[in-house]
Structures are given as structure tokens and as C-alpha cells.
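# Structural characterization, general
If you want the building blocks of each chain, they are given just below.
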Amino acid sequence: MPISVKDLTYTYNPGTPFETRALDGISLTINDGEFVGIIGHTGSGKSTFIQHLNALIKPTSGQVLVDGEDINESKEKAALRMRVGLVFQYPEYQLFEETVLKDVSFGPKNMGLSEEEATQSAKWALEKVGLGERYYGRSPFELSGGQKRRCAVAGVLAMHPEVLILDEPAAGLDPVGRREILDIIRAIHSEGTTVIMVSHSMDDVARLCERVIVLEKGKVALDGSCAEVFGQVEKLSAMGLTLPQAALLRDRLNKRGFDLPESIYTIEALSQALTEKLKTR
Amino acid sequence: MLNNITLGQYFPVDSPVHRLDPRTKILLTVALMVAIFVCKGFAGFGAIFLFILLCVRLAKLKLRFVLRGIKPIAVIVLLTFVLNLFLQSGGRVLWHWWIITITVDGLRTAVFMAIRLLMLVMGTQLLTLTTSPIALTDGLESLFKPLSKIGFPAHELAMMMSIALRFIPTLIDETNKITQAQKARGADFESGNLIRRAKAMLPLLVPLFVSAFRRADELAMAMEARCYRGGSGRTKMKPLKYKKRDLCAVGAYLAVLGAVLVLNIFKIGVL
Ligand SMILES: Nc1ncnc2c1ncn2[C@@H]1O[C@H](COP(=O)(O)OP(=O)(O)O)[C@@H](O)[C@H]1O
Ligand SMILES: [Mg+2]
């Protein structure tokens with residue numbers, strides 16, 4: 001289910017003093033099975049962009065095509081939103097039911113599944129995020145921060161989306177919580193789901209994603225594989241973005257006369273390249 | 001849907017009217033209402049309308065913004081017009097059918113009353129369009145301060161009002177976000193009968209209340225941490241001060257009031 005965006009433009013509050021052009025002529029395609037990271041400065045339009053991908057926002061101009069069809073022409077918006085699952089930033093703020101199980105079954109029930117099927121789906125999703133049976137009957141408001149976040153992610157997973165979009169899934173969590181949620185996302189991707197992840201952390205993006213899209217002032221500034229994007233040191237720092245730690249170290253070493261390839265951006269690759277360099281010296 | 005709520009419809013530009021002391025603007029708005037009620041004829045309304053136009057011009061507003069405030073009370077204006085039209089009698093009969101009679105006096109009163117209401121709305125619109133809600137509360141607090149001697153909680157009310165005003169955009173924002181998030185989970189807020197729709201609001205209202213209470217809690221804590229202890233002895237970062245332009249504004253108003261009174265006394269354009 002490829003998603004194609006054509007010349008997408010979006011303006012908040014048009015015709016008022018608060019007019020903001022959040023997106024400005026974005027065109028790109030996201031293919032099946034990809035793991036795409038979206039990075040960019042605060043206010044660069046990341047959150048606005050992803051809400052277009054399941055028709056929560058109607059473009060000011062341009063098109064969003066899912067499976068070749070313009071989603072804003074289609075009447076089946078609810079059905080689409082289940083196929084393209086969107087987890088908002090701080091999704092724990094949308095929990096509302098009395099129990100974890102009920103909250104996670106909210107999505108599947110809206111899909112028109114029977115009570116029983118919905119519960120099945122919810123249990124499956126909770127298992128995926130590592131919340132076992134003993135959490136089913138608890139109030140979602142009693143969970144820890146990381147657990148709440150995982151519960152909210154399960155709420156979207158339970159609809160079995162073909163594309164999963166997450167807005168800053170690790171924001172505001174402690175290191176353990178971060179790792180847990182990122183491992184879950186990685187596992188979901190490895191089972192065949194297309195994943196689009198908005199993130200502030202270059203290291204998370206470098207570790208998980210295959211492709212990186214950099215947004216700047218509502219435009220696509222860079223789009224390519226991790227190696228391609230994280231090789232563009234000047235361009236990234238001009239936009240006020242940092243590099244992943246390993247790429248940063250690689251860059252500093254190169255400035256001191258090491259001749260490491262620009263395509264290195266992970267700790268593993270860096271340590272391997274360095275060992276070889278040092279051996280041959 | 002929530003974008004249509006223009007509470008605090010403050011239009012943020014820099015203009016001489018915006019820069020007036022909020023107290024001046026509040027008092028002048030009240031005074032303008034008095035003038036509108038004192039006015040007895042169409043010529044006087046003309047003078048007041050010119051004054052409003054002048055303010056709109058100086059405030060860099062468009063007349064259309066001021067007129068927008070009329071929409072919510074259009075029904076009341078219409079009702080007033082119709083009632084006066086049919087119930088007032090006197091003068092030449094213009095139209096008669098069964099028990100309905102429209103007379104010249106009726107028509108005149110109806111138009112007069114409708115214009116009066118429209119003028120009142122335009123006057124108050126002018127205040128809210130050119131004064132930020134925070135400045136408005138500041139002004140009100142300062143005006144009501146003398147009453148605190150007899151136990152009127154001027155500071156507390158002003159503080160509550162500014163907190164409420166401060167959080168309305170936040171809550172609207174949050175409502176939008178939660179609505180979007182639940183829609184992403186397939187929630188349907190639009191279709192179904194009334195009971196179904198009310199039930200569909202639950203996934204929106206619960207998180208909203210939870211977060212409102214959390215915010216209130218955090219705010220109270222933060223205020224206490226910064227030693228907030230109520231109004232007594234509290235000073236202002238930007239104390240209100242009357243300037244020359246406030247005097248000019250009062251002068252302009254007095255000119256209009258004078259014109260209205262003169263027109264009244266000499267019965268120019270008076271009913
Ligand atoms: N609900 C909104 N109303 C008005 N402007 C908004 C709204 N949401 C975002 N914006 C503006 O749109 C731009 C892009 O914001 P956003 O998509 O949230 O960026 P990011 O997620 O990359 O931080 C910003 O300038 C922001 O101020
Ligand atoms: Mg964002």
C-alpha cells in the first residue's frame with residue numbers, strides 16, 4: 001500500500017493574522033515495507049505532514065494518494081484511518097476507558113468488529129507491546145509513563161494497520177522506556193508493517209530507519225538513505241540539526257586527518273572502520 | 001469546528017486605539033452606550049456611527065470585523081424590529097391587512113430600535129477587537145479596585161479571569177488534538193442520533209477533563225512555588241498609566257456626546 005504525496009501544501013488559519021504556511025510543495029513516495037524517519041526542527045511541519053497521510057487534515061492544495069487513490073476524494077475515511085494507523089505525540093493523553101483492555105479495543109470496535117473479535121485484537125496488540133494479562137483489568141491512568149505510552153500504541157496496533165505512523169514515540173520517556181518502545185517499533189516493522197517515525201533523536205533514527213526525510217520550513221530539504229543524509233554534515237548543521245553520535249565522531253576524526261567514509265553513521269560501522277584503519281597504520 | 005469560536009477575538013495589530021489604556025476603553029465603551037441610549041434621532045446615530053468609523057479606521061480594522069459581531073444577535077435584532085413594527089401605532093397607516101397594521105410611527109420606531117441595537121454591538125465589538133483579554137482584565141481589576149475596601153474580591157476575580165482566558169486557547173488546542181487522535185482510532189463524532197453522538201463525546205471529554213485537572217494542579221503548584229499569596233501588596237510589572245492619547249480619546253467622545261445632545265435639544269432628525 002504505497003503512499004504518494006504530490007505537491008502538498010497546507011496553510012493554517014488562512015486569511016487571518018495567524019496565517020502560517022506549514023507545508024510548502026512536498027512531493028514524495030513511501031513504499032511498502034520501508035522504515036522511514038522524518039526529522040526536522042520544531043515547527044518544520046512534521047506533525048502537520050503525517051496527519052495528511054490518513055486524511056485527518058485536508059490539504060490546502062496538492063494530493064495524497066494511498067494505493068493510487070486520492071484519499072480526500074474517498075468517502076471511506078474511517079476505513080482508511082485503520083489501514084494507515086497514526087500514533088500521535090504523547091498518545092497517553094488520549095486514554096479514556098476504565099480498563100486497559102477496553103481502551104485498546106476502542107479502535108477495533110470502531111472498525112465494526114464484534115465485542116469478542118475486538119477483545120481478541122486488543123489482547124494481540126497488548127501482547128505485542130509487552131503488557132500481559134495482569135494489566136487487562138487495570139485502569140490505564142494507573143500505569144507508569146512508559147506503560148501508558150505502550151498501551152496507547154497498542155490502541156492503534158489493534159486495528160492491524162498496514163502502515164504505522166508515530167509522532168515522536170519516545171519523547172519524554174526515561175531511557176528504559178525509550179528502549180522498550182523503540183524495540184517494539186522495530187519488531188513491528190520486521191513483521192512487514194511499513195513504519196514512518198517522526199523523531200528528534202538522530203541516534204534513534206540512525207539505529208532504526210532505512211530512509212530519512214529532513215523537513216525544513218515545510219519543504220523537503222533532504223531525502224535519502226541514512227548513509228546519504230547523515231553524510232551531509234554541512235547541510236544538516238546549517239539547519240541546526242545535529243548528527244548521530246557516531247557520525248559526529250566520524251566527522252571530527254576526519255577533520256583530524258582520518259580518512260573514514262562519509263557513509264558511516266552507526267557505532268558498529270565506525271568501530272569496525274576505525275579498527276581496520278588503526279591496524280593498517 | 002472550534003475555530004469558529006472567536007472568544008477573545010482580539011485583532012493583534014499596533015494602532016493608537018490598541019495603545020489606549022484599557023480603562024479608558026472600558027469606560028468609553030460604557031459612555032458610548034449611554035450616548036446611544038440618550039440619542040433620540042437618526043442624525044445623532046449618524047454622529048455616533050461616524051465616531052465608530054473613525055475608531056475602526058484608526059485601529060486599522062475593517063468594518064466587516066465590527067459587523068461580524070452582529071451575526072449572533074441577528075435574531076434578536078429581527079425580533080425587535082418585527083415587534084416594534086407591528087405593535088407601535090400612530091401616524092399614517094402604511095399597510096393594513098386583517099389585524100395587522102403598519103404605521104409610519106411603527107416603521108420609524110422599528111428601524112430606530114434596530115439601529116440602536118446594532119450600534120451597541122458595534123461599540124462593544126470595538127472594545128474586544130482592540131483590547132487583548134489580558135489588558136481587559138487588568139483594566140477591570142484596576143477599575144474595581146476601590147470596591148475591594150468593602151470586600152469585593154477584585155484581584156481574585158481578575159486572576160481567575162486571566163487564568164481562564166490564558167487556558168482557553170490551550171484547551172481548544174488540546175480538544176483539537178484529542179479529537180484528531182480519536183478519529184485516528186476510527187472514532188466518529190459526526191453521525192448517529194443525539195444519544196449516540198453524546199456517547200461518542202466520551203473519548204474526547206474524559207481525556208480533556210483529566211488533562212484540565214492535571215494542568216490546574218500543576219499551575220497551582222507553580223504559583224505557590226513562586227510565593228503567590230493573593231492580591232495584597234502585589235505590584236504590577238506594567239502598571240497602567242493614563243497618557244495624552246487617553247485624553248484625546250475622551251475629548252473625541254465628548255464631542256460626539258455634545259453633538260448628540262445638541263441634535264436632541266434642537267430636535268434635528270429627532271422622531
Ligand atoms: N493547530 C495549529 N494552528 C496553527 N498553526 C499551527 C498548528 N499546528 C502547527 N502550527 C504551525 O505550523 C507549523 C508546523 O508545525 P508542526 O507541524 O507542529 O511542526 P513540527 O511537528 O515539525 O514541530 C509551525 O509553524 C506551527 O506553529
Ligand atoms: Mg510535532
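Residues numbered from 1 in each chain as written. Chains lettered and ligands numbered in written order. Predicted model: local features only at pLDDT ≥ 70, side-chain atom pairs only at ≥ 80, totals over all residues. Heavy atoms only, no water.

## Remarks on the overall build of chain B
Of the regular secondary structure elements, chain B holds 11 helices and 2 strands. Taken from the N to the C terminus, the helices and strands of chain B come in the order α-α-α-α-α-β-β-α-α-α-α-α-α. Projected onto its principal axes, the C-alpha positions of chain B cover 70 × 55 × 40 Å. Residue pairs at least 24 apart in sequence account for 74% of intrachain contacts in chain B once pairs closer than 6 positions are excluded. Summed over all atoms, the accessible surface of chain B reaches about 16600 Å², with 70% contributed by carbon and sulfur. Across chain B, 34 positive and 14 negative side-chain charges occur, with their mean positions spaced 9 Å apart. (Helix = DSSP H or I, 4+ residues; strand = E, 2+ residues; numbered from the N terminus. Contact = heavy atoms within 4.5 Å. Areas by Shrake-Rupley, 256 points an atom, 1.4 Å probe, with all protein chains shown as cover. Lys, Arg positive; Asp, Glu negative; His and termini not counted. Charge placed at Lys NZ, Arg CZ, Asp CG, Glu CD.)

## Some thoughts on the sheet that holds strand 5 (residues 69–70) of chain A
Residue and element names in this part refer to chain A. Reading across the sheet, the 4 strands line up as 2-1-4-5 and stay open at both edges, with antiparallel pairing between neighbours. In this open sheet, the two edge strands, each paired with only one partner strand, are strand 2 (20–30) and strand 5. Across 8 bridges, strand 1 (residues 3–12) lies against strand 2 in antiparallel orientation. Paired with threonine 11 across the two strands is arginine 21, which belongs to strand 2. (Pairing = 2+ DSSP bridges.)

## Remarks on unusual backbone geometry
Positive phi outside glycine occurs at histidine 160 of chain A, with the angle close to 50 degrees. If you trace the backbone, histidine 160 of chain A turns up in the loop between helix 5 (145–157) and strand 7 (163–167).

## Considering the interface of chain A and chain B
At the junction of the two partners, chain A supplies 22 residues and chain B supplies 17 residues. Both sides of the chain A and chain B interface together cover about 1700 Å² of buried area, and 64% of this is carbon and sulfur. Of all residues in chain A, Tyr93, Gln94 and Phe96 of chain A give up the largest surface area on contact with chain B, accounting jointly for 31% of the area buried on that side. There are 1 salt bridge connecting chain A and chain B. (Buried area = accessible area lost by both parts, 1.4 Å probe. Salt bridge = Lys/Arg side-chain N within 4 Å of Asp/Glu carboxyl O.)

## Things to note about the sheet that holds strand 3 (residues 35–40) of chain A
Residue and element names in this part refer to chain A. Taking strand neighbours across the sheet as the criterion, the 6 strands line up as 6-7-8-3-9-10 in an open arrangement whose pairing is mixed. Two strands close off the open sheet at either side, each with one partner strand: strand 6 (84–87) and strand 10 (219–225). Across the sheet, the mean angle from the axis of one strand to that of its neighbour is 15 degrees, orientation sign disregarded. (Axes fitted to C-alpha atoms, helices over the stretch in contact; angles between N-to-C directions.)

## Examining the site of ligand 1
All names here are of chain A. Neighbouring residues of ligand 1: Tyr12, Asn13, Thr20, Ala22, His41, Thr42, Gly43, Ser44, Gly45, Lys46, Ser47 and Thr48. One of the backbone nitrogen or oxygen atoms of serine 44 is found 3.3 Å away from an oxygen atom of ligand 1. Here an oxygen atom of ligand 1 and a backbone polar atom of glycine 45 are 3.1 Å apart. Here ligand 1 loses 64% of its free accessible area of 560 Å² to cover by the protein chains. Looking at the shell around ligand 1, the elements that each hand over two or more residues are strand 2 and helix 1 (46–52). Per-element tally for the shell around ligand 1: the top contributor is helix 1, with 3 residues. For the shell around ligand 1, the per-class residue count stands at 2 nonpolar, 9 polar and 1 charged. (Near = heavy atom within 4 Å. Polar contact = N/O pair within 3.5 Å; in protein donor to acceptor, adjacent residues only side chain to side chain. Nonpolar A, V, L, I, M, F, W, Y, C, P; charged D, E, K, R; others polar.)

Any functional reading would require information beyond the geometric quantities listed.
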